[in-house]
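This is what each chain is made of:
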Amino acid sequence: MIWKSAVRLTIGLAILALIPIVIVIGLGAYGQSLGGASTGRTEQGAELTVLPALGRPGETLRINGSGWPPRTEIRLDFTRATRDGQTAGPPISFGGIYTSRSGTFASEVVLPESLPLPPGSFLNIRASAMRPRGAGLRAIAQFEVLGFDNELIINAVDPATGGPVDAVHIELRDRFQTVVARDVTGRDGTVRFVGLAPGTRYSALVRASGRFAVRVPEVSIPERGVSRVTANLPVAPMERFYVGVIVFAAENAIELVGIDIPAELPVRDRIELMPWARVNSDSAAGAPGGLLFLDMNNALPGILGTPGYQLEDAGEDLALAISGLQVTESLGSAGLVYEPSDGRYLGRNRMSGDLIVAMNDGLQVGIAFVNPEDGSQHWVVRLNGQFHGPYVTADSSTATLFGRLNATIVEIETTTGTITSTKLEGIEAPYRVGADYVGRWFAFSIPRGQLYRIDSDNSVTLLATMPELSNQVVRVVVGPSGAQVLLISPRDRIVYVVDTESGATTAIVPTPGRIRQVVFAGDATRLLLASREDRSVYVYSWPDLRPLNSIPVSAK
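My aim in this report is to walk through the structure given alongside it, one point at a time. (Residues numbered from 1 in each chain as written. Predicted model: local features only at pLDDT ≥ 70, side-chain atom pairs only at ≥ 80, totals over all residues. Heavy atoms only, no water.)

### Examining the sheet that holds strand S41 (residues 526-531)
Okay, so step 1: What the 4 strands build is an open sheet, ordered S40-S41-S42-S43; its pairing is antiparallel. Each edge of the open sheet is held by one strand with a lone partner, namely strand S40 (515-520) and strand S43 (547-552). Each strand of the sheet is rotated relative to its neighbour by a mean of 20 degrees, with strand direction disregarded.
Okay, so step 2: Summarising the sheet, S41 and strand S42 (residues 536-541) pair through 6 bridges and their orientation is antiparallel. Bridge pairing in S42 places Leu 527 opposite Tyr 540. (Pairing = 2+ DSSP bridges. Helix = DSSP H or I, 4+ residues; strand = E, 2+ residues; numbered from the N terminus. Axes fitted to C-alpha atoms, helices over the stretch in contact; angles between N-to-C directions.)

Here it is, written out as structure tokens:
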């Protein structure tokens, strides 16, 4: 099954850049209303009249012209406008009409109901004479949009207590998922939208911090009267998806930037570092307080992002993972240098309770035990070489590395440091790796564009050959059930979904931006894709991959 994003483009048919603007509007800057009509004039005296001068979406307007060049095409379009007549959006075409021999024209047009035109909006309705006759002649008349005599009331309710929920963000969207109205509930848990165009094409997105986001798929707005909708918002567990960190070196603190996964709302969580943990000012590209985007495959995996992981239990671990270790021990001919995108908290030692931390600077890998009280560290394993990982099992007992330049799998028993190395036959390096955390791994060979499955006995199975991805550095992410593997192509802005048994491609999903970080919601109903270039997180339903939301995430 192939899914494609639906993109709505609004394109004005008037070719503005090619027509010299010569506009003089009589009776005021943008026309005036006389007897219920709005009129505009060119400097040559050609008139444009819109009747009536105000109305509601869906109503019919009569547009008349006089004094225009005979037998000339007239383009009619409109744009959103401010009260003083300034254009506030791209032109949208009504169509075209030809003038008569006497230079007049008349047309009836319907103001589209599908446009988000709240009460009090203004439109600039424009007539433009096209080439060869009258090129450059334009007249503009303003039209005021009236609201409908209706009201939509949305109540946000706690399903456990039946009481109202305040500080709930409610967005009303049309069938194109364009936001037509938004508001935030007060103590009564209610928002009211007045005067919107009637219909059943609306949906509502209801969100509050610490609660699951609720989508009301069909909201009906009457032509007259009141419509009521109740949205039940269950309390949600703590679950975060961090895409960046703001470093405050002078204050020995950081702020993590991301979203609350259940609520689909932006969050910023400040962490005060412990006395033994310090912020390296270089970790923000030489600019303390700057924004640093992290690769979630190599940094902060699951800390506060894992379902059930509580914020109050994670402060020490998180501080350590960000900046707790400045490694100065010599490892052979070079030191193991800590970089923000390389530090990784793996878990706790089952015997001692120490924190297990890995550092991977691209040339060497080390795994250390760290006392969470005083920061003292003991290095368990130090390996020279370029590796993917380490990846760790759910009980933190085993860490796994994959040789980047030679197809080798290295397993490390984290409590003892015992190392086992095995050659992976048939996989051409370099390659990228993903895991399903139940004993199976997936490797994507970059030169060949081939996807392999590595089973618990380290046997290798070729799943699929994808020439379109050859010589690309893709991201390999395994679905929550292990039945699908996602290959993310940042260059092409595409996500491929591949069945992990048959190797068949089950979906191809274009993405709005280049995806750098990927995570599944804890309830496995949504896929979250973070784009560094536009600093947004895109939410898709899983497994059917319908686009649900776009959440801007910024340090500002």
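### Quick word on the nonpolar core
Okay, so step 1: Leu 172 and Phe 193 are the most contacted members of the largest nonpolar core, which totals 25 residues.
Okay, so step 2: Elements that contribute at least two residues to this core include exactly strand S11 (150-157), strand S12 (169-173), strand S13 (179-184), strand S14 (190-194), strand S15 (199-207), strand S16 (214-221) and strand S17 (225-232).
Okay, so step 3: With 4 residues, the top contributor of residues to this core is S16.
Okay, so step 4: Excluding its chain neighbours within four sequence positions, the residues that come into contact with Phe 193 are Asn 150, Glu 151, Leu 152, Ile 154, Ile 170, Leu 172, Ala 181, Arg 182 and Asp 183.
Okay, so step 5: In terms of nonpolar packing, the next biggest core, distinct from the first, is built from 22 residues, Val 50, Leu 61, Ile 63 and Val 109 among them. (Core = buried A, V, L, I, M, F, W, Y, C linked by side-chain atoms within 4.5 Å. Buried < 20%, exposed > 50% of the residue type's maximum accessible area, 1.4 Å probe, protein only. Contact = heavy atoms within 4.5 Å.)

### Side note on the sheet that holds S16
Okay, so step 1: What the 4 strands build is an open sheet, ordered S13-S12-S15-S16; its pairing is antiparallel. The two strands at the open ends of the sheet, each matched to only one other strand, are S13 and S16. Neighbour to neighbour, the strand axes of the sheet diverge by 25 degrees on average, direction disregarded.
Okay, so step 2: Direction of pairing for S12 relative to S15: antiparallel, over a ladder of 5 bridges. Within the sheet, the bridge partner assigned to Arg 173 lies in S15 and is Ser 203.

In short, geometric facts, not functional conclusions.
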